[in-house]
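Here is what each chain is made of, one letter per residue.
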Amino acid sequence: AHAVKFGIDTKRIGVMGNSAGGYLANLVTMTADVEEFNVGDFLDYSSDTQACCDIFGPTDLASVDEGFPPEAHEYHKSPSATEALLLNGVTYGRNQSYDIHDDLVRARWASPMGYLKTGLPPFLIMHGTNDQMVSIMQSEHLYDGLKALRVPVDYYQLKDAGHGDDPWFQQPVIELIVNWFRKQLWINIAPTLSCFPVPASNINDFFWIRDNRRLNSREASSQITTQKGNNSSPRLFFTQKCSDFFL
């Protein structure tokens, strides 16, 4: 509704979030055409997005703990579990408490996996292989579901990363996400050629892709070039001004 005011191209809107933000990014993308949620102001305007990046977000509230130890399962059966509070609110006094599993239909209604369908925009899914808070199976199931529906989807596992810890803030991770959005939303816009130096790193150490196929630097960051430094060690350079990445 305020696209002109803020200089937004409504045909090039991407959403992204991590953890609960990834959950919301998925729902915003998947429920854009669901009338039940079409409430509030500006209903004459489309809610469509053109790209979605989900970083270790829950996708099925009833199985956030899939593959976790027994003690984790016990916590997620509790009315005080995060997903139970999200769905049922705080319980106290004589109010009845609810386990998320007491109403699986409602849990599905509140989960991105409940809105899988054909015609969705491209997805980028990322998850750490050592995530102890949201099971990596949440991303696995989302990937499988989207792929089965022929929705464009890229899925990356970040080796040994947990839930929002330091590995997620490494430059190669930022490069991958930014370049993926550029590919999806700016495909007809020529990049501004300007080099921004990045510390030398072996980008292959950062990523695993589905089916254990490793990425090379060209796949992981299509907008970088490799140049030898004085010590003959590789250095990575952006071919886009840093200030242009986050418009």
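Read on for an overview of the structure. (Residues numbered from 1 in each chain as written. Predicted model: local features only at pLDDT ≥ 70, side-chain atom pairs only at ≥ 80, totals over all residues. Heavy atoms only, no water.)

### Some thoughts on the nonpolar core
One broad trend across soluble globular proteins is that nonpolar side chains are buried collectively. If you look at the biggest cluster of nonpolar residues, it comprises 24 residues, and the most contacted ones within it are Met30, Leu120, Phe123, Ile125, Leu142, Leu146 and Val153. The set of elements that each furnish at least two residues to this core consists of helix H2 (20-30), strand S3 (123-128), helix H6 (137-148) and strand S4 (153-158). Once you skip the residues sitting within four places of it in the chain, Met30 turns out to touch Pro112, Tyr115, Leu116, Lys117, Leu120, Phe123, Leu142 and Leu146. With 16 residues, the next largest nonpolar core counts Leu124, Met126, Ala161 and Trp168 among its residues. (Core = buried A, V, L, I, M, F, W, Y, C linked by side-chain atoms within 4.5 Å. Buried < 20%, exposed > 50% of the residue type's maximum accessible area, 1.4 Å probe, protein only. Helix = DSSP H or I, 4+ residues; strand = E, 2+ residues; numbered from the N terminus. Contact = heavy atoms within 4.5 Å.)

### A word on H2
For H2, every residue scored as buried is listed here: Gly22, Tyr23, Ala25, Asn26, Leu27, Thr29 and Met30. Those residues of H2 that are buried lie in contact with strand S1 (14-18), strand S2 (51-55), helix H4 (82-88), S3 and H6.

### With respect to H6
For H6, with 12 residues, the first-to-last C-alpha span of 16 Å sits near the 16 Å given by 1.5 Å per residue. Where H6 is concerned, the buried positions are Gln138, Ser139, Glu140, Leu142, Tyr143, Gly145 and Leu146. Among the structural elements, H2, S2, S3 and S4 are those in contact with the buried residues of H6. Looking one or two places after H6, you find Arg150, whose phi comes out positive at around 65°. (Expected span 1.5 Å × (residues − 1).)

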